[in-house]
Amino acid sequence: MKLTKLGHACWRFEKDGRAFVLDPGSFSGTGLLDGAEAVLITHEHVDHLDANLIKSASPDLEVWTCNGVTNALGEVPVKIQTVREGDVFEVAGFSVRVIGEWHAPTIPDAPIIQNIGFLIDDRVFYPGDALTDPGVAVETLLAPSNAPWLRVWDFIEYLRAVRPDHAFSTHDGLVNEIGQGMIDNFMAVEGKKQKADMRRLKPGESMEFA
């Protein structure tokens, strides 16, 4: 398995010559869907869902997402599959299980929207915009490290609750170089405490797992 951070909250998964992309939003650059046969989308916020990108994609593209995103996209040429917590499916040669239902609270009076997380090949968990307990041991956690809804305290507590072997920062496209340095430090300190590999990958950087 090869895991590549494309930007902000967008990741590319590759295995045996096949690939899918997770949360190709409008903060993550260009060429996000190149070579991908499928897309997984956690929720409808623009930093996770670039609607114009999906609407202009090949009709052969498969999109797996929650009902909120399906409704937000409306009529599109791609193949949309609506899933919810507990569903299990296969995409691009990967097994995927849906875990989680709701976005973390953001601002007062704003409704809480749907948000689903994905457990990929029983190895990598991505919660979207939430700190969802996967309920199982996971090898790799893609952990939100910065957001209007997130405190550093909660980020660290989440790393401690899940206790993965590897944790990589996600949802960090809103911070400047100073903020990136702070995330790097928080993860290095926590990784040392847990004797785990915890760090921030730069856009375009990859990790490969046997």
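On a predicted model such as this, the values are computed, not experimentally measured, just so you know.

With respect to the overall build of the protein
No. 1: When helices and strands are tallied, the protein shows 4 helices and 14 strands.
No. 2: Projected onto its principal axes, the C-alpha positions of the protein cover 45 × 45 × 35 Å.
No. 3: Restricting to contacts in the protein with at least 6 residues of sequence separation, those with at least 24 account for 50%.
No. 4: By element, 49% of the accessible surface of the protein is carried by carbon and sulfur atoms, the whole surface being about 9800 Å².
No. 5: Positive and negative charge centroids in the protein, built from 19 and 31 side chains respectively, lie 7 Å apart.

Some words on the sheet that holds strand β4 (residues 38-41)
Within a sheet, adjacent strands bond to each other through the backbone by hydrogen bonds, running parallel or antiparallel.
No. 1: The 7 strands are arranged β6-β5-β4-β3-β2-β1-β14 in an open sheet whose pairing can be described as mixed. Two strands lie at the open edges of the sheet, namely β6 (79-82) and β14 (206-208), each paired on one side alone. Going across the sheet, the axis of each strand differs from the next one's by a mean of 20°, ignoring polarity.
No. 2: As paired elements, strand β1 (residues 2-7) and β14 share 3 bridges and run antiparallel to each other. Bridging across to β14, Lys-2 finds its partner in Glu-208.

Focus on the UniProt feature "domain: Metallo-beta-lactamase" (unreviewed entry) in the protein
No. 1: Feature annotation in UniProt assigns "domain: Metallo-beta-lactamase" (unreviewed entry) to the following positions: residues 7-166.
No. 2: Strand forms 29% of residues 7-166 and helix 14%; the C-alpha atoms that close the span are 19 Å apart.

Re the sheet that holds strand β11 (residues 140-144)
No. 1: A sheet is described by the order of its strands in space; here 7 strands give the open sequence β7-β8-β9-β10-β11-β12-β13, paired in mixed fashion. Bordering the open sheet on either side are β7 (88-91) and β13 (197-199), each of which pairs with just one other strand. On average, adjacent strands in this sheet sit at an angle of 20° to one another, irrespective of strand direction.
No. 2: In the sheet, strand β12 (residues 166-170) pairs with β13 via 3 bridges, with the strands oriented parallel. Paired with Ala-167 across the strands is Met-198, a residue of β13.
No. 3: With respect to the sheet, helix α3 (residues 152-162) is in contact with β10 (124-126), β11, β12 and β13, its orientation differing from that of β11 by roughly 165°.

Criteria and thresholds
Residues numbered from 1 in each chain as written. Predicted model: local features only at pLDDT ≥ 70, side-chain atom pairs only at ≥ 80, totals over all residues. Heavy atoms only, no water. Helix = DSSP H or I, 4+ residues; strand = E, 2+ residues; numbered from the N terminus. Contact = heavy atoms within 4.5 Å. Areas by Shrake-Rupley, 256 points an atom, 1.4 Å probe, with all protein chains shown as cover. Lys, Arg positive; Asp, Glu negative; His and termini not counted. Charge placed at Lys NZ, Arg CZ, Asp CG, Glu CD. Pairing = 2+ DSSP bridges. Axes fitted to C-alpha atoms, helices over the stretch in contact; angles between N-to-C directions. UniProt positions renumbered as here; feature names shortened; annotations may be inferred.

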